[in-house]
Amino acid sequence: MTTAAPAKTKYEAIIGLETHCQLSTATKIFCNCSTKFGAAPNENVCPICMGMPGVLPVLNQKVLEYAVKAGLALNAEIAPYSKFDRKQYFYPDLPKNYQISQYDLPICERGWLEIELVDEEGNATRKKIGITRLHMEEDAGKLVHAGSDRLSGSTYSLVDFNRTGVPLLEIVSEPDMRSGQEAAEYAQELRRIMRYLEVSDGNMQEGSLRCDVNVSVRPVGQKEFGTKVEIKNMNSFSAIQRAIDYEIDRQISALEAGEKIVQETRLWEEGSQKTISMRKKEGSSDYRYFPEPDLAPLEVPAEQKQHWKEELPELPAAKRHRYESELGLSPYDARVLTDDRAVAEYFEATVTNGASPKQAANWVMGDITAYLNNEKLSITEIALKPDTLAELISLIEDKTISGKIAKEILPELLTKGGSVQEMVKDKGLISDPAVLEQIIDKIIAANPKELEQYRKGKTKLLGFFVGQMMKETSGRADPQLTNQLLTKKLQS
């Protein structure tokens, strides 16, 4: 008698993200040094951000405004009273040997954002991800290692303090994500919101958005979380997804082999596509937090909070819902169009000028986006204005011009702008009935079989004859007049 093999344990992942978002202020959080990216090393520094004795920090008011607006956009509670704290740690890129941050009384708590996952069939699944807290803090400097991209293996290291004191928002999610895909979408939605608010450019290549991921696994049904591991060094959304998927598999394999998961910080290696151990993870007690004595606590008046709330734009999730419910767009189209605020505003202006939402979406997502990607431009830099695009779409829909003619004049509209009607005339649209009738007679004579089928009731063949006309005239036949004359000739 054979015994059945024990059922294999099923695991689920528990994922949370800590995101550092660099704010788009002109100056640093506690001094007047520039935050401009790409300056020569140690050019944008002063005694305050370098932590010299006898200097005092002063909070940049824009940082507070951006923090509150971000909190409101993330449906968070804005603290009536918050304060700054000193976070102690010793590292060469931290000139004061402590970081001014917020610990037990952050500016925002208990928020959420909505992610949307669209499957291959175009169906959308929505999920709310909790936001534990959002707080303000200053950035550290940057170590440049010679001979290696990290300390290990380098021959010496240099420190660039330009980034020291650059204002950051640290946004900590609840452990509500269960896959690399969900985590990557959360990070993307967070960046969309920050960009819509214009509080950050979210440029991951320049370090404006940096995500640290906490991952643990547990048997399905178990309440207690497993031992979490933090992953750093991810500079793209696809890297976030791949790093998490790798780490989930690594932890499950370790548990299956009877090994213990160690709480640690790991790095994502893009080359080898795996995580590697970096250091044991510190706890909050290691940082010896205490209230920052040089900065007063913060109180945001209710009227000021309301004023900032009224300045918020319509956010990506709200736009997606509206595009689907009011404009009849698919979840996929709504998602693509709302990814960038300027693109969404361009699309909406086109619809406001009379274009059908679906046709406007097709043009913006298709030919116009292809041009922008090819030329590395934003939609605000093209000469084609929304009202002109609406006119172009209208002329196609009422069959004044063909789609082929529209695509021919589009490049000039994108680079120079101008009147669609004038360009159509310049393209030499054939609208003389006598000329069109001659071409029609020639096409009918060349296709007797199709003519017979049409007259026997297969009227869909009208499209075939229209196509032949467009081919013969290189798309220059007046579509509306061509349809009228063809129908008359075919039925006579």
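In what follows, the structure referred to is the one given above.
Worth saying up front: this structure is predicted, and the values here are computed from it rather than measured. (Residues numbered from 1 in each chain as written. Predicted model: local features only at pLDDT ≥ 70, side-chain atom pairs only at ≥ 80, totals over all residues. Heavy atoms only, no water.)

A.B. asks: Honestly, the packing of helix α13 (residues 448-455) against helix α15 (residues 479-491) in this entry has me stumped. Any pointers?
C.D. replies: Packed helix pairs are specified by the crossing angle of their axes together with the interaxial distance, meaning the distance between the axes. Where α13 contacts α15, the two axes come as close as 10 Å, and the packing angle between them is 85°. Between α13 and α15, the crossing angle belongs to the class labelled roughly perpendicular. For the pair α13 and α15, the contacting residues are Leu 451, Tyr 454 and Arg 455 in the first and Thr 487, Lys 489, Leu 490 and Gln 491 in the second. The class makeup of the residues in the contact of α13 with α15 is three nonpolar, two polar and two charged. (Axes fitted to C-alpha atoms, helices over the stretch in contact; angles between N-to-C directions. Helix = DSSP H or I, 4+ residues; strand = E, 2+ residues; numbered from the N terminus. Parallel < 35°, antiparallel > 145°, perpendicular 65-115°, else oblique. Contact = heavy atoms within 4.5 Å. Nonpolar A, V, L, I, M, F, W, Y, C, P; charged D, E, K, R; others polar.)

A.B. asks: Help me out: how do you make sense of the sheet that holds strand β13 (residues 274-280) in this one?
C.D. replies: With mixed pairing, nine strands are arranged side by side in an open sheet as β2-β5-β6-β9-β1-β10-β11-β12-β13. The two strands at the open ends of the sheet, each matched to only one other strand, are β2 (77-78) and β13. Summarising the sheet, β2 and strand β5 (residues 108-118) pair through two bridges and their orientation is antiparallel. Across the sheet, the residue bridging to Ile 78 is Cys 108, located in β5. (Pairing = 2+ DSSP bridges.)

A.B. asks: How do you make sense of the environment of Gln 273 when you look at a structure like this?
C.D. replies: Along the chain, the position of Gln 273 falls in the loop between β12 (264-269) and β13. C-alpha separation for the pair Gln 273 and Ile 14, spaced 259 residues apart in sequence, amounts to 21 Å. Not counting the four nearest positions on each side in its chain, Gln 273 is found in contact with Arg 242, Tyr 246 and Trp 268. Side-chain polar atoms of Gln 273 contact the backbone oxygen of Glu 270, separated by 2.7 Å. (Polar contact = N/O pair within 3.5 Å; in protein donor to acceptor, adjacent residues only side chain to side chain.)

A.B. asks: I tried to follow the side chain of Arg 86 on my own but got confused; where do I start?
C.D. replies: Mapped onto the fold, Arg 86 is located in strand β3 (residues 85-88). At a separation of 2.8 Å, a polar atom in the side chain of Arg 86 contacts the side chain of Glu 292. Sequence-distant contacts of Arg 86, that is, excluding residues within four places in its chain, are made with Tyr 98, Gln 99, Tyr 287, Arg 288, Tyr 289, Phe 290, Glu 292, Pro 293 and Asp 294.

A.B. asks: Looking at this structure, I do not really get the packing of aromatic side chains. What am I missing?
C.D. replies: Two aromatic rings are characterised by how far apart their centres lie and by the angle between their planes. Counted by the stated rule, this structure contains seven aromatic pairs. Measuring from centroid to centroid gives 6.1 Å for Tyr 89 and Tyr 287, while their planes differ by 65°, and the two rings are edge-to-face. Of the two residues, Tyr 89 sits in the loop between β3 and β4 (98-101) while Tyr 287 sits in the loop between β13 and β14 (290-291), which places them 198 residues apart along the sequence. Residue class for Tyr 287 comes out buried when judged on its relative accessible area of 15%. In this arrangement the basic side chain of Lys 87 is found over the ring face of Tyr 287, its NZ or CZ atom lying 4.4 Å from the centre. Taking NZ or CZ as reference, Lys 407 lies 5.3 Å from the ring centre of Trp 363, over its face. (Phe/Tyr/Trp six-rings, centres within 6.5 Å; stacked < 30°, edge-to-face > 60°. Buried < 20%, exposed > 50% of the residue type's maximum accessible area, 1.4 Å probe, protein only. Lys NZ or Arg CZ within 6 Å of the ring centre and 35° of its normal.)

A.B. asks: What exactly am I supposed to notice about a nonpolar patch on the surface here?
C.D. replies: Together, Val 144, Tyr 156 and Leu 158 line one region of the surface with nonpolar side chains, adding up to about 300 Å² of accessible area. Looking at the secondary structure, you find Val 144 in strand β7 (residues 142-146). (Patch = residues over 30% accessible without salt bridge, like charges linked within 9 Å, V, L, I, M, F, W, Y side chains within 5 Å. Areas by Shrake-Rupley, 256 points an atom, 1.4 Å probe, with all protein chains shown as cover. Salt bridge = Lys/Arg side-chain N within 4 Å of Asp/Glu carboxyl O.)

That is the geometry; function is a separate question.
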